Amino acid sequence: PSARPLLDAPRGALAVHALTPGTLRGNPAPPMGRRADAVAAAVREKLEPYYRCARPGGDGDGEAWVLQLLLLAPELLAVSLSRSRPLAPPFQRMSWPVHGHVAGLAPVDVAERMPSSAYRKLLEALACMGERPREDGPPAHDLGAAPGGWTAALCRAGCRVVAVDRAPLDRTLMDGRSGVRFVKGDAFAFVPEAGDVGGWMVSDVIAAPERVGELLERWCGKHWAERIVVTVKFRGGGGPDWGALEAAVSVAAEHGYSCRAKHFFNNKNE
């Protein structure tokens, strides 16, 4: 194929991703990883004199390309070049392949101690959406919050949080200095205060898919939240219940929400 589109692409439009089979399994230090990085660096060095899109810089907006270099063995490389295109509206903030995330894997590991590893799921969702709660907006509501993995992730985004659960949160979130307001109670029966609506609602509560549908009916039907991220958890190890998932999506759509169901790397049978 013609190289003209790549020659015409703006500065910084080309991302070169170094991959190994271990990278695709989420291993942060996979076998052959250092060699793959060296190969990618050498490829960038060869491309930069001829393709301005391979040079650092640019404003990060507009046209984007992804060159993926998958090192299968020390002397065996699979190469893929494709344009990163936005998804269809209303999800045009998302694109595929993802220009800024190697192998499409969002960076979700943080240095500080978190109440649970579940925080990775929410950070991945926020990275996928390209959005996060506004610091100056209404508080985000975390329903079924304990022990507080998702609440802590929201705090890292800088917003205030109303966390609802029958069980207490991790002590680091209960000291009154974290920007968290804890409400002891049932996540499915909770009613937000009038001045707190219009922000985000998130929920990783352990419940049957039908119950998640009920939660969405409540929150979407009353338009208590502008953005919603919920986990639909399936029973056992038999895979997704597609009917239950479709029912949950339909509830949101019937109330005017644009909804996308996605299985993240950090999800299990959910």
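Model, not experiment: these values are computed from the prediction.

1. So, the layout of surface pockets
For the largest pocket, the calculated volume is near 1,000 Å³. Lining the largest pocket are 40 residues, with I228, V229, C259, R260 and A261 sitting closest to its centre. Among the secondary structure elements, those contributing two or more residues to the lining of the largest pocket are α4 (119-129), α6 (209-221), β10 (225-230) and α7 (242-254). Each residue belonging to the lining of the largest pocket can be placed in one class, and the counts come to 25 nonpolar, 6 polar and 9 charged. A volume near 870 Å³ is recorded for the second largest pocket. Lining of the second largest pocket is provided by 40 residues; of these, S84, M94, S95, V98 and H99 occupy positions nearest its centre. When contributions to the lining of the second largest pocket are tallied by element, the ones reaching two or more residues are β4 (85-86), β5 (95-96) and α4. Top contributing element to the lining of the second largest pocket by residue count: α4, with 3 residues.

2. Things to note about the pattern of salt bridges
For the structure shown, the criterion picks out 14 salt bridges. As a salt-bridge pair, R120 and D109 come within 2.8 Å of each other at their nearest N and O atoms. Here R120, found in helix α4, pairs with D109, found in the loop between β5 and α4; they are 11 residues apart in sequence, far enough to count as distant. Note on D109: relative accessible area 58%, which makes it exposed. Across the pair R181 and D196 runs a salt bridge, and its minimum N-O distance is 2.6 Å. Linking R181 in strand β8 (residues 180-184) with D196 in the loop between β8 and β9 (199-203), this pair joins segments that are 15 residues apart in sequence. Residue classification places R181 among the partly exposed positions, given a relative accessible area of 35%.

3. Considering the confidence of the model for the protein chain
Looking at the protein chain as a whole, its pLDDT mean stands at 91, while 98% of the residues score no less than 70. For the protein chain, the element scoring lowest by mean pLDDT is β5, at 86; strand β6 (residues 140-143) scores highest, at 98.

4. Examining the sheet that holds β8
Two strands in a sheet stick together by hydrogen bonds in their backbones, pointing the same way (parallel) or opposite ways (antiparallel). In spatial order, the strands read β8-β7-β6-β9-β10; together these 5 strands make up an open sheet with parallel pairing. With partners counted over all chains shown, the strands left at the sheet margins are β8 and β10, one partner each. Averaged over all pairs of adjacent strands, the angle between strand axes in this sheet comes to 20°, irrespective of strand direction. Relative to β9, β6 is paired through 3 bridges, and the arrangement is parallel. Note on β9: the bridge partner recorded for L143 is S203. Sitting on the sheet, α4 is in contact with β9 and β10, with an inclination near 130° to β10. Contacts from α6 reach β6, β9 and β10 within the one sheet, and its direction differs from that of β10 by about 170°.

Quick notes on the rules
Residues numbered from 1 in each chain as written. Predicted model: local features only at pLDDT ≥ 70, side-chain atom pairs only at ≥ 80, totals over all residues. Heavy atoms only, no water. 1 Å grid on protein atoms, 1.4 Å probe; cavity = no way out; pocket = protein on both sides within 12 Å on 5 of 7 lines; lining within 4 Å. Points joined across faces, edges and corners; volume = space filled by probe spheres on them. Helix = DSSP H or I, 4+ residues; strand = E, 2+ residues; numbered from the N terminus. Nonpolar A, V, L, I, M, F, W, Y, C, P; charged D, E, K, R; others polar. Salt bridge = Lys/Arg side-chain N within 4 Å of Asp/Glu carboxyl O. Buried < 20%, exposed > 50% of the residue type's maximum accessible area, 1.4 Å probe, protein only. pLDDT = per-residue confidence, 0-100. Pairing = 2+ DSSP bridges. Axes fitted to C-alpha atoms, helices over the stretch in contact; angles between N-to-C directions. Contact = heavy atoms within 4.5 Å.

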